[in-house]
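One letter stands for each residue in the lines below.
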Amino acid sequence: METTSAQLKKSKKKNEDFSLLTDEAISFLNKLHERFNEKRFELLGRREQVYDQIKQGKDLDFPKSTEDVRNDPDWKIAPLPKDLQDRKVEITGPVDRKMIINALNSGARVFMADFEDSTSPTWKNITEGQQNLYDAIRKQIDFTADNGKDYKLKDKTAVLKVRPRGWHLSEKNFLVDGEPISASLFDFGLYFFHNAHELIRNGSGPYFYLPKLEHRCEARLWNEVFVFAQNELGIPIGTIKSTVLVETITAAFQMEEIIYELKDHMAGLNAGRWDYIFSFIKKFRDRPDYILPDRNQVTMQVPFMKAYANLLVKTCHKRGAHAIGGMSAFIPTKDEEQNQKIFDKVRNDKTEEALAGYDGSWVAHPALIPAVEAVFDQIIGDKPHQKHILKEDFSTTPSALTSPNVMYGEVTEKGVRMNINVALLYIESWLQGTGAAAIYNLMEDAATAEISRAQLWQWYHHQVSFKNGKIFNRALFCMLLEEETAKVKEMLGQVRVETGKLAIARDLLKNLVKSEDFEDFLTLKAYPHI
Ligand SMILES: CC(=O)SCCNC(=O)CCNC(=O)[C@H](O)C(C)(C)COP(=O)(O)OP(=O)(O)OC[C@H]1O[C@@H](n2cnc3c(N)ncnc32)[C@H](O)[C@@H]1OP(=O)(O)O
Ligand SMILES: O=CC(=O)O
Ligand SMILES: [Mg+2]
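Residues numbered from 1 in each chain as written. Chains lettered and ligands numbered in written order. Predicted model: local features only at pLDDT ≥ 70, side-chain atom pairs only at ≥ 80, totals over all residues.

The test is simple: UniProt positions are given in the numbering used here, feature names are shortened, and annotations may be inferred rather than shown by experiment.
Going by what an unreviewed UniProt entry lists, the protein is known as Malate synthase and is assigned to Marivirga salinarum. In the Catalytic activity (unreviewed entry) part of its UniProt record, the protein is described as follows: "glyoxylate + acetyl-CoA + H2O = (S)-malate + CoA + H(+)".

Written out as structure tokens, the structure reads:
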């Protein structure tokens, strides 16, 4: 890749302003890049090959070549440290300073600090996020809000985990020999380099969540990165512990293999339901029999989601790993009556998970912690987890995991409008540097927004028709886009529309939906704009 001297100068200047980029840290990041970037691109290329096979009608199946891994009853993951035994409630959130303090103080067992779905990767967000985590680990983090409220850490805080960005993303502000480093290696590398020893000294460790893996070899790559990083820093192999998000349809067929690849560094799997739905739509997008109904109808109750959720618990417990539930997107509001319904929905969702054998689950908002904790406490009792539940009676099939049958539901004009509206609001927010937003009482992040735009692409390219007789074609899309843009303008107000990035968001969405070629991730198309 060609890089101009102006670009290099700019990147050097930016890096100088960020004190964690010491010579030693840069050298560590460079080594990660040199050793692992080529493999990363090779594996990203393999994703395309798998998609081409699906497009040609090949059904997904559990790989024959790794049957011995699945059939061998004797292997288990390495033992887990004390502070990773009880994970009944894990809060997640972006890496801004106030959020980190609130999440660590929230009473959740774990806080997952997120550089992925909920962070818009502006250089400011990424570098400040690293600095905030550095300060939090050393208990030297504080913050004063504009309203004068002071924030500082309590004595007892949640166990910290970090989710670096996925393999598909690059970090354009850090170049190695003129080439952008992998965003995964940047986020992981810088955090690990500065904090691994300090975390161990504090009685914890370097713990990670790994997003958006599509193949067991991508887990192997992470394992190789972990081994190398630990050796470089003189840290015993197996100190790093990671939880892998099973959030792609192809990974669902390789859960056991993913655990195996990372078994010395494995803490569990998480059912990342939103990216999973996105991946399902994306991988089967060409097939007319795979058109899913409105977004709000694709719930954890639909058969293919249930099959995946149950398989995840069974697989984890067979190998001694934690099974962690996904994110209910409902977040509390100021309206008490509505709140009642929201809490009921979250409680029901988490009860389903706990009864299915999950050992804990995610919350998006601190106000939900007591309710979710109560559910898991009631079902699991005093024990830290319920890994003894082996679910030996449960079995599933490739067709149950991939059948698009949702039993009921349809594509409606209201659903199309909602997807356009939410995607516009979210992309606008992301372009302004905010990667998680409360929109219509739901937590929206990159994963949920991807569902909206992927559905629009699929409905548009298959020209679905609604019960009212209208066909979702070019003319209708253009009309609805204009109408929803007008509504969003009203919502944002004149000042934000004039100074903000709604026009770019609208153009991005329009192109993402109309383009013949499906863009793999909307964030890849949006990244040049931040
Ligand atoms: C698909 C996936 O990947 S899910 C995982 C990734 N997504 C996430 O992690 C999203 C996490 N959630 C959030 O970011 C936030 O809850 C939002 C953006 C949805 C809503 O945030 P807000 O608009 O600030 O909500 P609200 O006004 O109700 O917040 C009340 C307080 O709770 C705090 N809070 C809200 N969510 C969180 C959180 N996840 N972690 C820590 N504190 C939080 C706010 O900072 C605020 O604190 P304050 O009273 O000291 O000012
Ligand atoms: O990262 C979580 C998801 O649901 O996507
Ligand atoms: Mg995700």
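### Considerations on the overall build of the protein
Rule in force here: A helix here means a DSSP run of H or I that spans at least four residues, while a strand means a run of E at least two residues long, and both kinds are numbered starting from the N terminus. This radius of gyration counts C-alpha atoms alone. The globule rule is 2.2 Å times how many residues there are, raised to the power 0.38.
A count of helical and extended segments in the protein gives 19 helices and 14 strands. The C-alpha atoms of the protein give 22 Å as radius of gyration, which agrees with the globular expectation for 530 residues (24 Å, within 12%).

### A few points about the UniProt feature "domain: Malate synthase C-terminal" (unreviewed entry) in the protein
Taking the UniProt record as the reference, the feature "domain: Malate synthase C-terminal" (unreviewed entry) is found at residues 411-530. Along residues 411-530, the helical share is 65% and the strand share 5%, with 33 Å between the first and last C-alpha atoms.

### Structural notes on the pairing of strand 11 (residues 322-327)
Remember that side chains alternate between the two faces of the sheet whenever the strand is regular. The test is simple: Residue burial is a threshold on neighbouring C-beta atoms within 10 Å of the residue's own C-beta, all placed from the backbone, with 20 or more meaning buried, 12 or fewer meaning exposed, and counts in between meaning partly exposed. Pairs of strands are assigned from DSSP output, requiring at least two bridges between the strands. Here is how to tell: hold the view so the strands point away, follow the path from the first strand over the helix to the second, and if it runs clockwise the crossover is right-handed.
Counting buried residues along strand 11, six of its six residues qualify, which places the element largely inside the surrounding structure. Alignment of strand 11 against strand 12 (residues 360-363), held across two bridges, turns out to be parallel. For Ile 324, the partnering residue across the bridge sits in strand 12 and is Gly 360. Taking the sense of rotation as the criterion, the β-α-β connection linking strand 11, helix 11 (residues 336-356) and strand 12 turns out right-handed.

### Things to note about unusual backbone geometry
Of note, the phi angle at Asn 441 is positive, near 65°, even though the residue is not glycine. Its location among the elements puts Asn 441 in the loop between strand 13 (437-439) and strand 14 (442-444). The phi dihedral of Gln 463 falls on the positive side, at around 45°, and the residue is not glycine. Note on Gln 463: 12 C-beta atoms within 10 Å, which makes it exposed.

### Things to note about the pairing of strand 12
On strand 12, burial covers both faces: Gly 360 and Trp 362 on one face and Ser 361 and Val 363 on the other are all buried. When strand 1 (residues 89-94) meets strand 12, the two strands line up parallel, connected through three bridges. Within strand 12, the position partnered with Ile 91 by the bridge is Val 363.

### Concerning the UniProt feature "domain: Malate synthase N-terminal" (unreviewed entry) in the protein
The sites that UniProt annotates as "domain: Malate synthase N-terminal" (unreviewed entry) are residues 19-66. Within the segment residues 19-66, helix and strand shares are 69% and 0% respectively, and the terminal C-alpha atoms sit 45 Å apart.

### Observations concerning the environment of Gly 107
Among the structural elements, Gly 107 can be located in the loop between helix 4 (97-105) and strand 2 (110-114). The exposure class of Gly 107 is partly exposed, given the 15 C-beta atoms found within 10 Å. Taking the C-alpha atoms as reference points, Gly 107 and Ala 158, separated by 51 residues in sequence, lie 6.7 Å from one another.

### Quick look at the site of ligand 2
Selection rule: Each residue gets a C-beta atom placed from its backbone. If that atom is within 6 Å of a molecule or strand, the residue is near it. Asp, Glu, Lys and Arg are counted as charged, while Ala, Val, Leu, Ile, Met, Phe, Trp, Tyr, Cys and Pro are counted as nonpolar; the rest, among them Gly, fall into the polar class.
All residues in the neighbourhood of ligand 2 are listed as Asp 117, Leu 245, Glu 247, Gly 272, Arg 273, Trp 274, Asp 275, Gly 326, Met 327 and Ala 447. Looking at the shell around ligand 2, the elements with two or more residues in it are helix 9 (273-283) and strand 11. Ranked by residues supplied to the shell around ligand 2, first place goes to helix 9 with three residues. Looking at the shell around ligand 2 residue by residue, the classes come out as four nonpolar, two polar and four charged.

### Quick word on the site of ligand 1
In the vicinity of ligand 1, 24 residues are found, and the nearest of them are Gly 93, Asn 102, Asp 117, Ser 118 and Ala 436. Counting only elements with at least two residues in the shell around ligand 1, the list comes to strand 1, helix 4 and strand 13. Split into classes, the residues belonging to the shell around ligand 1 amount to 14 nonpolar, six polar and four charged.

### Structural notes on helix 10 (residues 303-318)
Three or four residues apart is the spacing at which side chains of an α-helix point the same way, because the helix has 3.6 residues per turn. The condition is simple: A helix is expected to span 1.5 Å for every residue after the first.
A rise of 1.5 Å per residue sets the reference length of helix 10, with its 16 residues, at 22 Å; its end C-alpha atoms lie 23 Å apart and thus fit the reference within 8%. With twelve of 16 residues buried, helix 10 is to be regarded as a mostly interior element. Gly 320, located one to two residues past helix 10, shows a positive phi value of around 80°.

### Focus: the nonpolar core
Operational definition: Joining buried Ala, Val, Leu, Ile, Met, Phe, Trp, Tyr and Cys residues through C-beta atoms within 7 Å gives a set, and that set is a nonpolar core. Residues are scored as being in contact if the C-beta atoms we place from backbone atoms lie within 7 Å.
If you look at the biggest cluster of nonpolar residues, it comprises 143 residues, and the most contacted ones within it are Ile 100, Phe 111, Tyr 308, Leu 312 and Ile 427. Beyond its immediate sequence surroundings of up to four residues, Ile 427 is in contact with Ala 449, Ala 505, Leu 508, Leu 509 and Ala 526.

### Topic: the confidence of the model for the protein
This is how the line gets drawn: Scored from 0 to 100, pLDDT records how confident the predictor is in each individual residue.
With 97% of its residues at a pLDDT of 70 or more, the protein shows a mean pLDDT of 95. For residues 1-11, every residue scores under 50 in pLDDT, and the model assigns this stretch nine contacts once sequence neighbours within four places are set aside. Two summary scores accompany this predicted model of the complex, namely pTM at 0.97 and ipTM at 0.99.

### Quick look at the environment of Ile 277
Relative to the helices and strands, Ile 277 resides in helix 9. On the neighbour-count criterion, Ile 277 (26 C-beta atoms within 10 Å) is buried. Distance in space between the C-alpha atoms of Ile 277 and Met 305 is 8.4 Å, their sequence separation being 28 residues. The residues touching Ile 277, leaving out its near neighbours within four places in the chain, are Val 298 and Ile 451.

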